[in-house]
Amino acid sequence: NLRHLPATPDLMLGAVLAVAVIDDRRTAAIVAVVGGVAVDSLGGVGISLSPLLYLSVILTVGILSEKMLPRFLSWLILLLPSLLLRALFTLAGFWLYTGGGSFSGIVSGVLLPEMICTLLFSLPLYFLLTLCTLPLKERRNHTMRQ
């Protein structure tokens, strides 16, 4: 959480979704569980809900990601429903831990800044993960030729 940002971006959401688009649902589900546990162990409070969030993202957009080409535009389109799921989890957590508040105040003060920060800071993740998977794809193609 940086002081000059209005909200904390959920980088794991962008990474899990990028894995789903670049590779497949099974790999993304593993990344979702491991990443969710890591996120909650580093900064979570109370009940560990992040693995559930990331798995629900994979279940929701995973089928669509396998039908789409592994391209940046596909990832960007699938990021929108993922951000809405993230907003629902944030809203549920906010009401669970704070006991409520005005809905318009939560949307304008918490949910929208979180969605915008997550969108902006997740953009480089797709390209970074694409670069990271290039050696794996080359190795896979090399072993298939033999």
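Nothing here was measured: the structure is a model prediction, and the numbers come from that model.

**Student:** In this structure, what is going on with the environment of proline 9? I would like to understand it.
**Tutor:** When you line up the elements, proline 9 lands in the segment before helix H1 (11–22). Taking the C-alpha atoms as reference points, proline 9 and leucine 119, 110 residues apart in sequence, are found 7.8 Å from one another. When neighbours within four sequence positions are excluded, proline 9 is seen to be in contact with Cys117, Thr118 and Phe121.

**Student:** Looking at this structure, how should I read the nonpolar core?
**Tutor:** A general tendency of soluble globular proteins is for nonpolar side chains to be buried together. Ranked by internal contacts, the top residues of the largest apolar core, which has 26 residues, are Leu17, Tyr54, Val57, Ile58, Trp75 and Tyr126. Those elements giving two or more residues to this core turn out to be H1, helix H2 (25–43), helix H3 (50–67), helix H4 (72–98) and helix H5 (103–145). Examining the composition of this core, we find that eight residues originate from one element, H1, more than from any other. Setting aside anything within four residues of it in sequence, one finds valine 57 in contact with Leu13, Gly62, Ser82 and Leu85.

**Student:** What's the story with the pattern of salt bridges in this structure? I'm lost.
**Tutor:** Side-chain pairs of opposite charge can arise where the charged atoms are in close proximity. Tallied over the full model, the rule gives two salt bridges. The partner of aspartate 10 in a salt bridge is arginine 86, with the nearest N and O atoms 3.3 Å apart. In this pair, aspartate 10 sits in the segment before H1 while arginine 86 sits in helix H4, placing the two residues 76 residues apart along the sequence. Taking relative accessible area as the criterion, arginine 86 reaches 18% and is therefore assigned buried. Ionic pairing is found between arginine 86 and glutamate 114, a salt bridge with its closest N-O pair at 3.8 Å. Of the two residues, arginine 86 sits in helix H4 while glutamate 114 sits in helix H5, which places them 28 residues apart along the sequence. The two residues arginine 86 and glutamate 114 agree in class, both being buried. When salt bridges that share partners are traced, they join Asp10, Arg86 and Glu114 into one network.

**Student:** Could you clarify how one ought to interpret the packing of H1 against H4 in this entry?
**Tutor:** Helix packing geometry: the angle between the two helix axes and the distance between the axes. Remark: H1 packs on H4, axes separated minimally by 10 Å, with the N-to-C direction vectors making an angle of 135°. Viewed along their axes, H1 and H4 adopt a mutual orientation that is oblique. When you trace H1 past H4, the crossing you get is right-handed. Only Ser74, Trp75, Leu78, Leu79, Ser82, Leu83 and Arg86 of H4 make contact with H1, whose side of the interface consists of Leu13, Gly14, Leu17, Ala18 and Val21. Class assignment of the residues belonging to the contact of H1 with H4 gives a composition of eight nonpolar, three polar and one charged.

Basis of the calculations
Every chain is numbered on its own, with residues counted from 1 as its sequence reads. Residues qualify for local features only when their pLDDT is at least 70, as the model is predicted, and side-chain atom pairs are given and counted only at 80 or more; totals for whole chains, interfaces and linings, by contrast, use all residues. Just so you know, side-chain values use all the structure's heavy atoms and leave hydrogens and water out. Helix and strand labels come from DSSP, where a helix needs a run of H or I of at least four residues and a strand needs a run of E of at least two; each type is numbered from the N terminus. Residue contacts follow a heavy-atom distance rule, with two residues in contact if any of their heavy atoms lie within 4.5 Å. Nonpolar core, defined: a set of buried Ala, Val, Leu, Ile, Met, Phe, Trp, Tyr and Cys residues in which side-chain atoms within 4.5 Å join the residues together. Relative accessibility thresholds used throughout: buried, under 20% of the residue-type maximum; exposed, over 50%; partly exposed, between the two (1.4 Å probe, protein chains only). The working definition used for a salt bridge is a side-chain nitrogen of Lys or Arg within 4 Å of a carboxyl oxygen of Asp or Glu. For every element, the axis is a line fit to its C-alpha atoms; helices are fit only across the contacting stretch, and the angle between N-to-C directions ranges from 0 to 180 degrees. Here the word oblique covers every angle except those under 35 degrees (roughly parallel), over 145 (roughly antiparallel) and from 65 to 115 (roughly perpendicular). Crossings are sorted by hand: turned counterclockwise from the far helix by less than a right angle, the near helix makes the crossing left-handed, and turned clockwise it makes it right-handed. All residues other than Ala, Val, Leu, Ile, Met, Phe, Trp, Tyr, Cys, Pro, Asp, Glu, Lys and Arg, Gly among them, are scored as polar; the first ten of these are nonpolar and the last four charged.

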